[in-house]
Amino acid sequence: MKKILFITLLATVSLFAKVNVVTTYAYLGEIVKEVGGENVKVDVLADPTFDPHFVVPKPSLITKLRRADLLVVNGGQLEIGWLPPLLRGAQNGELNAGAKGFLDVSGVITMLNKPAVVSRALGDVHPDGNPHFALDPHNVGVIAKLITKKLSLLDGENSAAYEKNLALFLEEWNQYLKQYDTKMGACKGKKVVQYHELFTYFLKRYEFELYGNIEPLPGITPSSKSILKTVNLMKEKNVKTILQDVYHEKKTAQFIAQKSGADVIIVPHDVGSVEGTDTLKSFYNTIEMRLCR
Ligand SMILES: [Zn+2]
């Protein structure tokens, strides 16, 4: 009896084997869940309350990678500072760049802020251009399409299900975007500065007036000279809003705000960065509510 039960169990497991997907960031995990549905199991590596450029390596992350059938990365070198050693530790050849189980979504994105000269010695953490394209909700659909293609390739038996999930998701998402774009219209022309280049895609999409970054270069701590420059610029241009992420020190932004009479707004950079942003929609809704009301 036990043996029969065991065999039945084994058959059930293989019949309903899910594709083990690991994503580097939470927003990618949410998109995979939308199109993968019941045929995938999703694990996310980065904690969304920490700096996305530098994820603390933990043995549990290596274990997740070792078991994965598919690794979905943001790309644009956002993971360059932390993912390679984890992949070396996992020794899962299926996940190497170019292998069947690897997907870099930046390939379907037009990158902003490509530097003319790249020098890591200058501390530039964006050598391929700005990798924070997840902040623009219009990029979600193209990424969902790319992930669907990959899941269908890896798990052909369920490709019809993936295509169906995608169609339903896109219909709903496009509807959501229409309402979202209307709401964001109220913020067109709003003058802001940001700490890091995190929100550039979002600000460009919704036609904010971005007067620069508190960091003199992406990843470089502001000096007292560069801080003073920001204060003067904000006074001159009458900029009253500073966008601050959840993970950098907040004293500099608060100092600049005090000197220039501006407000500091904490803006999430990923699904789950602040409370109440556990889904794609609540993530983008929170940005709209914090920036635009
Ligand atoms: Zn960055």
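It should be emphasised that the depicted structure is a prediction, and the values quoted were computed from it without experimental measurement.

Caption draft 1: Up close: the sheet that holds strand β8 (residues 263–266). As summarised here, the arrangement of the four strands in space is β6-β5-β7-β8, forming an open sheet in which the pairing is parallel. Looking at the sheet topology across the chains shown, the edges are occupied by β6 (209–213) and β8. Taking each pair of neighbouring strands and ignoring which way they run, the sheet shows an average axis angle of 30 degrees. Here three bridges tie strand β5 (residues 191–194) to strand β7 (residues 241–244), and the two strands are oriented parallel to one another. Its bridge partner being in β7, Q194 is matched across the sheet by L243. Its contacts with the sheet put helix α9 (residues 251–260) on β7 and β8, and the angle it makes with β7 is roughly 175 degrees.

Caption draft 2: Main features of the state of the cysteines. A complete count under the given rule lists one disulfide for this structure. Note that C187 is cross-linked by a disulfide to C292, the S-S spacing being 2.2 Å. Placement of the pair is C187 in the loop between α6 (159–184) and β5 and C292 in helix α10 (residues 280–292), with a sequence separation of 105 residues. What makes C187 buried here is its relative accessible area of 4%.

Caption draft 3: Inspection of the packing of aromatic side chains at higher detail. One pass over the full model with this rule turns up eleven aromatic pairs. On the numbers, 5.9 Å between centres and 65 degrees between planes, the contact of W173 with Y284 is edge-to-face. In this pair, W173 sits in helix α6 while Y284 sits in helix α10, placing the two residues 111 residues apart along the sequence. For the ring pair F202 and Y206, a centre distance of 5.1 Å and an interplane angle of 55 degrees mean the geometry is tilted. For F202, a relative accessible area of 1% puts it in the buried group. On the basis of relative accessible area, Y206 is assigned to the buried category, the value being 6%. Among the aromatic residues, those joined into a ring-pair cluster are F169, W173, Y176, Y180, F202, Y206, F208, F283 and Y284.

Caption draft 4: Structural view of the sheet that holds strand β3 (residues 70–73). Ordered in space as β2-β1-β3-β4, the four strands form an open sheet in which the pairing is parallel. Each edge of the sheet is formed by a strand with only one pairing partner; in this case those strands are β2 (40–44) and β4 (102–104). Neighbouring strand axes in the sheet, compared pairwise and without regard to direction, differ in orientation by 20 degrees on average. Its contacts with the sheet put helix α2 (residues 26–36) on β1 (19–23), β2 and β3, and the angle it makes with β2 is roughly 175 degrees.

Conventions we followed
- Residues numbered from 1 in each chain as written.
- Predicted model: local features only at pLDDT ≥ 70, side-chain atom pairs only at ≥ 80, totals over all residues.
- Heavy atoms only, no water.
- Pairing = 2+ DSSP bridges.
- Helix = DSSP H or I, 4+ residues; strand = E, 2+ residues; numbered from the N terminus.
- Axes fitted to C-alpha atoms, helices over the stretch in contact; angles between N-to-C directions.
- Contact = heavy atoms within 4.5 Å.
- Disulfide = S-S within 2.5 Å.
- Buried < 20%, exposed > 50% of the residue type's maximum accessible area, 1.4 Å probe, protein only.
- Phe/Tyr/Trp six-rings, centres within 6.5 Å; stacked < 30°, edge-to-face > 60°.

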